[in-house]
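Architecture and fold: a report
Letter by letter, the chains look like this.
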Amino acid sequence: MKRTGEIVLTIIGACFFALISLFGFMFLGLSGDNAFTQEMENMAATDPALEGIDMGFMTDMVAAGGWYFIIVGILAIILGIVSLVLLKGDKHPKAAGIILIIVAVLSALATVLISIISSILYLVAGILCLVRKQKETFNPEY
């Protein structure tokens, strides 16, 4: 049985997870940028609600968030590749489907639904892996 639909959905989902990782790298770049830090300090000076907040702590939080998105994205991509290997040749579609569904749910929760599009793609591919069955061929014995 061809698993083209599942493979395409998984590849597109992995590409979206790569964008999430790039989003994390952007956060890392912003945290080391002095202009960004200065702009955050200017916003804190004009907004009374942000008074008393340490901007060094805020930039550290931005960097930590960047690493978090990078790790979640890369783990989702790696597990997507593992499921593609399991799908190749229609060897273990059930295992691939379970992996895709687990990754979809956990990554959506871990990124607070920022990865919702890629998670939906993984979820649909995982459900297709579990639902589609090999057509049984009738081979009569004479």
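One structure accompanies this document, and this report is about it.

Turning our eyes to something else, we now look at the environment of Cys129. Note on placement: Cys129 falls in helix 5 (residues 116-131). With 103 residues separating them in the primary sequence, Cys129 and Met26 have C-alpha atoms 34 Å apart. If near-sequence neighbours (up to four positions away) are discounted, Cys129 is found in contact with Arg3, Glu6, Leu87, Pro93, Gly97 and Leu100.

The next subject is helix 1 (residues 4-31). For helix 1, which comprises 28 residues, the first-to-last C-alpha distance of 41 Å matches the rise-based estimate of 40 Å (1.5 Å per residue) to within 8%. Those residues of helix 1 not exposed but buried are Glu6, Leu9, Thr10, Gly13, Ala14, Phe17, Ile20, Ser21, Gly24, Leu28 and Ser31. Along its buried surface, helix 1 packs onto helix 2 (34-46), helix 3 (55-87), helix 4 (93-110) and helix 5.

Here we come to the nonpolar core. The tendency in soluble globular proteins is for nonpolar side chains to be buried side by side. Membership of the largest hydrophobic core comes to 13 residues, with the highest contact counts inside it found for Leu100 and Tyr122. Of all the elements in the fold, those that place two or more residues in this core are helix 1, helix 3, helix 4 and helix 5. Not counting the four nearest positions on each side in its chain, Tyr122 is found in contact with Thr10, Gly13, Ala14, Phe17, Ala76, Ile77, Gly80, Leu100, Val103 and Ala104.

It is worth spelling out the packing of aromatic side chains at this point. By the definition in use, this model includes 5 aromatic pairs. Plain terms: the ring middles of Phe23 and Phe27 are 4.8 Å apart, the flat faces sit at 45° to each other, and that makes the pair tilted. Pair noted here: Phe23 and Phe27 are both in helix 1, with a separation of 4 residues, about one helical turn. For Phe23, a relative accessible area of 30% corresponds to the partly exposed category. Classification of Phe27 as partly exposed rests on a relative accessible area of 21%. Following the ring pairs from residue to residue traces out a cluster consisting of Phe23, Phe27, Tyr68 and Phe69.

Procedures and definitions
- Residues numbered from 1 in each chain as written.
- Predicted model: local features only at pLDDT ≥ 70, side-chain atom pairs only at ≥ 80, totals over all residues.
- Heavy atoms only, no water.
- Helix = DSSP H or I, 4+ residues; strand = E, 2+ residues; numbered from the N terminus.
- Contact = heavy atoms within 4.5 Å.
- Expected span 1.5 Å × (residues − 1).
- Buried < 20%, exposed > 50% of the residue type's maximum accessible area, 1.4 Å probe, protein only.
- Core = buried A, V, L, I, M, F, W, Y, C linked by side-chain atoms within 4.5 Å.
- Phe/Tyr/Trp six-rings, centres within 6.5 Å; stacked < 30°, edge-to-face > 60°.

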